[in-house]
Amino acid sequence: MPPRIRNSNCPPQQLLLNYLDAPLPSSLLPVHRPAAVASSSTPSPCRPQQQSAAAPQRCFSTSQPREMTKPQREFRQFLKHAGKQLEKHEGNGPMYLSSVKSMGADDVPFPSNKMFRSEPVLSSRARQIIWEAVMLKGMPLKAVSAQYQVDVRRVAAVVRLMEIEKRMEKENAPMAIPYALAVEKMLPRSNLTGDEQPFEPINDVHVHSFTMQQLFVPVSESREFTRKDAAKAFGDHILPPDHKMRIPELVKMERDILNDVPQAQAEKDFLARTRESEREFAEKEKYVAAKRDARKSKVDTERFEFRIEKINSEAVGKKGRARGAVGWRYGVPFNDRQRGLYKIPTSVG
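Before going into details, it helps to say that this report is about the structure given with it. Small disclaimer: the values here were computed from a predicted structure and weren't measured.

Looking only at helices and strands, one finds 10 helices and four strands in the chain. When its helices and strands are written in sequence order, the chain yields α-α-β-α-α-α-α-β-α-α-α-α-β-β. In the chain, buried positions account for 19% of the 349 residues. Pairs at least 24 apart in sequence give 49% of the contacts found in the chain among residues at least 6 apart. Carbon and sulfur atoms make up 55% of the accessible area of the chain, which totals about 28400 Å².

Laid out in structure tokens, this is it:
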């Protein structure tokens, strides 16, 4: 039984010492009892005065500390010699573990995973160039993407983020500019200059699963079998690569150049086509948004605006699980955990 607390102002550390210094009952004493540790000669205000200096003290562990293992010794040696240069980041660019002498390429952050490569990011100067090209010069997003070899989705994201940054600057909102610059120095980055490699592919085509099979389609020798015909052979809903590209206007420009159209005129026509396609896309999105808002009834109060939308009860499908229905993810639970049901798909959609 631990000793009674004699003083309510006794600190927890002193209470623990009181418990450790208390003598064990004779029935619980070990065979090989550790040597007694003499306590301090200065009496403690929380320790009973009748306890002598020769009172035994129990230890949490009597085993000796284990010696340092081989990996630990090798790691200590690495920190003292080769890893010394990784203690502080100096200069511009990444300082990966693989950049240490005789450990691999500079763009491999993890030496044990050589297949993983560190891709560059857009620098602050590159983001400013993209924003100026779109917002100040009025270039279409597709034209900027083709000029700087940056995906059109990334171009749109950069413009949105730069607009938020400009607005925060006008509002004098606090921004973590030093932190962003510090992180940027530790990453590989691209400035979108002419002497650099292309930043990323801009016309990757999605490979549909239907096109992974092998087909034998008889075609007459006098017929011209195009990519559109090949896509139709796999399925009526399969689009040819020219229509699945994010910038199909580049194909038209290359064809014009092959047909002896001057390059300056071909580039001018490319800008006109990209501007027209973006205008059509904006009008289509505006029409879809207006049609979606027309189905909603808005009730504006002092604090909130309630938006009520009419639904079609037949849109939920026969089993009430149609993907186009309202609340299809949350309204009806799935049958994944129910017993006695066939979970093998019966059809391929």
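A separate point is the packing of aromatic side chains. Across all of its chains, the model carries two aromatic pairs by this definition. Relative to Phe116, the ring of Phe110 has its centre 5.7 Å away and its plane inclined at 45°; by these criteria the two rings are tilted. Using a relative accessible area of 49% as the deciding quantity, one classes Phe110 as partly exposed. Take Phe116: its relative accessible area is 40%, and that puts it in the partly exposed class. Seen in terms of ring centroids, Phe304 and Phe306 are 6.4 Å apart; in terms of plane orientation they differ by 55°. Their pairing is tilted. A relative accessible area of 45% places Phe306 in the partly exposed class. In this structure, Lys166 packs its charged tip against the face of Trp131, placed 4.8 Å from the ring centre.

The next point concerns the packing of helix α4 (residues 141–148) against helix α10 (residues 263–294). Direction vectors running N to C along α4 and α10 enclose 135°, while the axes themselves pass 8 Å from each other. Taken together, α4 and α10 sit at an angle that is classed as oblique. Contacts between α4 and α10 involve Leu141, Lys142, Ala143 and Ala146 from the former and Phe270, Leu271, Thr274, Ser277 and Glu278 from the latter. Per-class residue counts for the contact of α4 with α10 are five nonpolar, two polar and two charged.

Take Thr301: it is sitting in the loop between β3 (296–300) and β4 (305–309). Using a relative accessible area of 36% as the deciding quantity, one classes Thr301 as partly exposed. Only 2.6 Å separates the side chain of Thr301 from the backbone oxygen of Phe304, close enough to count as a polar contact.

So, about the pattern of salt bridges. Tallied over the full model, the rule gives 15 salt bridges. Note that Asp242 and Arg255 form a salt bridge whose closest N and O atoms lie 3.4 Å from each other. Separated by 13 residues along the polypeptide, Asp242 in helix α8 (residues 241–244) and Arg255 in helix α9 (residues 249–258) bring together distant segments of the chain.

Right, let's talk about α10 for a bit. With 32 residues, α10 ought to run about 46 Å at 1.5 Å a step, and its terminal C-alpha atoms sit 46 Å apart, in line with that. For α10, every residue scored as buried is listed here: Ala266, Phe270, Thr274 and Ser277. Those residues of α10 hidden inside the fold are in contact with α4 and α9.

Quick look at unusual backbone geometry now. In this structure, Gln149 is a non-glycine residue whose phi angle is positive, near 55°. Here Gln149 is to be found in the loop between α4 and α5 (152–170). Residue classification places Gln149 among the partly exposed positions, given a relative accessible area of 28%. One non-glycine residue, Leu192, lies in positive phi territory at about 60°. Assignment of secondary structure puts Leu192 in the loop between β2 (189–190) and α7 (227–234).

Our focus in this paragraph is the packing of α4 against α5. Close contact between α4 and α5 brings their axes to 9 Å; oriented N to C, the two are set at 110°. Overall, the two elements α4 and α5 adopt an arrangement that is roughly perpendicular. Judged by the twist between their axes, the crossing of α4 over α5 is right-handed. Seen from α4, the contacting residues are Leu141, Lys142, Val144 and Ser145; seen from α5, they are Val152, Val155 and Ala156. Tallied by class, residues from the contact of α4 with α5 come to five nonpolar, one polar and one charged.

In this section: the environment of Pro188. By the element assignment, Pro188 lies in the loop between α6 (177–185) and β2. The spacing of Pro188 and Pro94 is 94 residues in sequence and 5.9 Å in space, taken between C-alpha atoms. If sequence neighbours within four positions are ignored, Pro188 has contacts with Pro94, Tyr96, Ser118, Glu119, Pro120 and Val121.

Further remarks concern the nonpolar core. Formed by 16 residues in total, the largest nonpolar core has its most connected members in Leu122, Ile130, Val144, Tyr148, Val150, Val155 and Leu192. Going through the elements one at a time, α3 (124–136), α4 and α5 are the ones with two or more residues in this core. Those residues in contact with Ile130 that lie beyond four places of it in its chain are Leu122, Val144, Val155, Val158, Val159 and Leu192. Ile202, Ile247, Ala266 and Phe270 belong to the second-largest nonpolar core, a separate cluster that totals eight residues.

Pairing geometry for β3 and β4, over five bridges, is antiparallel. Bridging across to β4, Lys298 finds its partner in Arg307. Where β3 folds back on β4, the antiparallel hairpin that results is connected by four residues.

Definitions and limits used
- Residues numbered from 1 in each chain as written.
- Predicted model: local features only at pLDDT ≥ 70, side-chain atom pairs only at ≥ 80, totals over all residues.
- Heavy atoms only, no water.
- Helix = DSSP H or I, 4+ residues; strand = E, 2+ residues; numbered from the N terminus.
- Buried < 20%, exposed > 50% of the residue type's maximum accessible area, 1.4 Å probe, protein only.
- Contact = heavy atoms within 4.5 Å.
- Areas by Shrake-Rupley, 256 points an atom, 1.4 Å probe, with all protein chains shown as cover.
- Phe/Tyr/Trp six-rings, centres within 6.5 Å; stacked < 30°, edge-to-face > 60°.
- Lys NZ or Arg CZ within 6 Å of the ring centre and 35° of its normal.
- Axes fitted to C-alpha atoms, helices over the stretch in contact; angles between N-to-C directions.
- Parallel < 35°, antiparallel > 145°, perpendicular 65-115°, else oblique.
- Nonpolar A, V, L, I, M, F, W, Y, C, P; charged D, E, K, R; others polar.
- Polar contact = N/O pair within 3.5 Å; in protein donor to acceptor, adjacent residues only side chain to side chain.
- Salt bridge = Lys/Arg side-chain N within 4 Å of Asp/Glu carboxyl O.
- Expected span 1.5 Å × (residues − 1).
- Left-handed = near helix turned anticlockwise from the far one by under 90°.
- Core = buried A, V, L, I, M, F, W, Y, C linked by side-chain atoms within 4.5 Å.
- Pairing = 2+ DSSP bridges.

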